[in-house]
Amino acid sequence: MKSKFQFIMLFALVVISIETVAAQSLLEAIITPFRQKEIVPVDNKQYQDECGSCHFAYPPGLLPTKSWEKLLTTEALPNHFGDNAELDADTLKVIHDYAIANAADKSYYKRSRKIAIATEKVDAPLRITEVRYIKRKHHELSEKMVKGNKDVKSLSYCDACHTQASKGVFDADTVKIPNYPDWED
Amino acid sequence: MVLRLNLQKFIANAMLALAFTGPVFAETFDFTLPESRFYAQEAKSFLIAANDVETSKVATNIAPSSQEEFKPKLFSGSKLHQYLGVSTAVLAGAAFITHPHPTDPNAPRETNGTHAQLAKATVVAAVATIVAGVLSHWDDFSLEDGWTDPDNLHVILGVTGAALMAYAVDKSANSSTAVEHAREAELGALGMIVAIKLTW
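Residues numbered from 1 in each chain as written. Chains lettered and ligands numbered in written order. Predicted model: local features only at pLDDT ≥ 70, side-chain atom pairs only at ≥ 80, totals over all residues.

**Student:** Any chance you could explain the overall build of chain B here in plain terms?
**Tutor:** When its secondary structure is counted, chain B shows seven helices and zero strands. Listed N to C, the secondary structure of chain B is α-α-α-α-α-α-α in terms of helices and strands. Taken across its 200 residues, chain B has 30% of its residues classed as buried. For chain B, the proportion of contacts with a sequence separation of at least 24, taken over those separated by at least 6, is 70%. (Helix = DSSP H or I, 4+ residues; strand = E, 2+ residues; numbered from the N terminus. Buried ≥ 20, exposed ≤ 12 C-beta atoms within 10 Å, placed from the backbone. Contact = placed C-beta atoms within 7 Å.)

So this is what it looks like as structure tokens:
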């Protein structure tokens, strides 16, 4: 009984003592009591402001490093999906470094891990909607719910349906498809 | 001595409860920055940045974010799976703590005591958790992602853990003499707890 009690005390002590530590390693990711089911939300003001000035500031954990390496370059940004998104060198460095440091393959958050695994053996996807895992999670949606829905238009407008997307939460329970109030996953 | 043991049990239960409620409190913290003042969904560049270029050319009236209107569901299959999983872990912890320590090895076995009841309840909760998980998360696991995928690992560890705990309960319940079954049960419980953590 005594050994069990000591074991429980030790376990609880370890859990409680690391409550304030963000996951930096696999071990910490397993032990930390913080929820890590979703994606790390954007917490860089410059990234949020620069990217968010034109579109939803996609959390870097939605794409792997190799994708951000292709997207965030001085050569690629003048033609960023058909638009000129050029940035000065200093700003680009901040945004590039932030995206790389928080890319899917650098994160232990569950959805990022899934994206990292799904993109591991394929060419770097440039669009989040090209990721196998993302495709699978949205396959049941009909065209009229997305393209034909005047309040959605495209899967790339994450926050049109994922009501907590800005917090990095993409759970099915937080989805609300405009004009389809009775939709259930 | 009895008082001391009861106190120890109480503290251990309180610690377990604290450990499990920690993540719930952690969820209440808001680590996000406020929305950018420059956020403009109607901007042309926003529309062009959309993956579907054809759509973006005609899209002129993108709906504003519906975050303010969102009210989380009180109950869902996913939440049921979550609650059942945590309940299983708590029941397993309670069964672990109430494990009897007979001083006389020839004493009659207690097959319907607190430990036995909790162990059986743990297995029932584990099975219910698996059923709820299959029904609500069927599209989260896929063999093409391999066994390192967090959801695939969750399934492997969760099902193996439940099977080990069921085996331990069955082994003990169907034996007329005291039989060693703690190793299987503890390994099974550990498997389920790690499975929960992987997707928590």
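**Student:** What should I look at first to understand the confidence of the model for chain B in this one?
**Tutor:** Any region with low pLDDT has predicted coordinates that should not be read closely. All names here are of chain B. Here chain B averages 75 in pLDDT, and 64% of its residues register 70 or above. The secondary-structure element of chain B with the lowest mean pLDDT is helix 3 (residues 53-58), recorded at 42, while helix 5 (residues 114-136) shows the highest, at 96. For this predicted complex, the interface confidence comes out at an ipTM of 0.78, alongside a pTM of 0.73. (pLDDT = per-residue confidence, 0-100.)

**Student:** It is not clear to me how unusual backbone geometry should be interpreted in this structure. Could you clarify?
**Tutor:** Residues and elements named next belong to chain A. In this structure, Lys153 is a non-glycine residue whose phi angle is positive, near 75 degrees. Note on placement: Lys153 falls in the loop between helix 7 (132-138) and helix 8 (158-161). Of the residues examined, Lys153 has 23 C-beta atoms within 10 Å and is grouped as buried.

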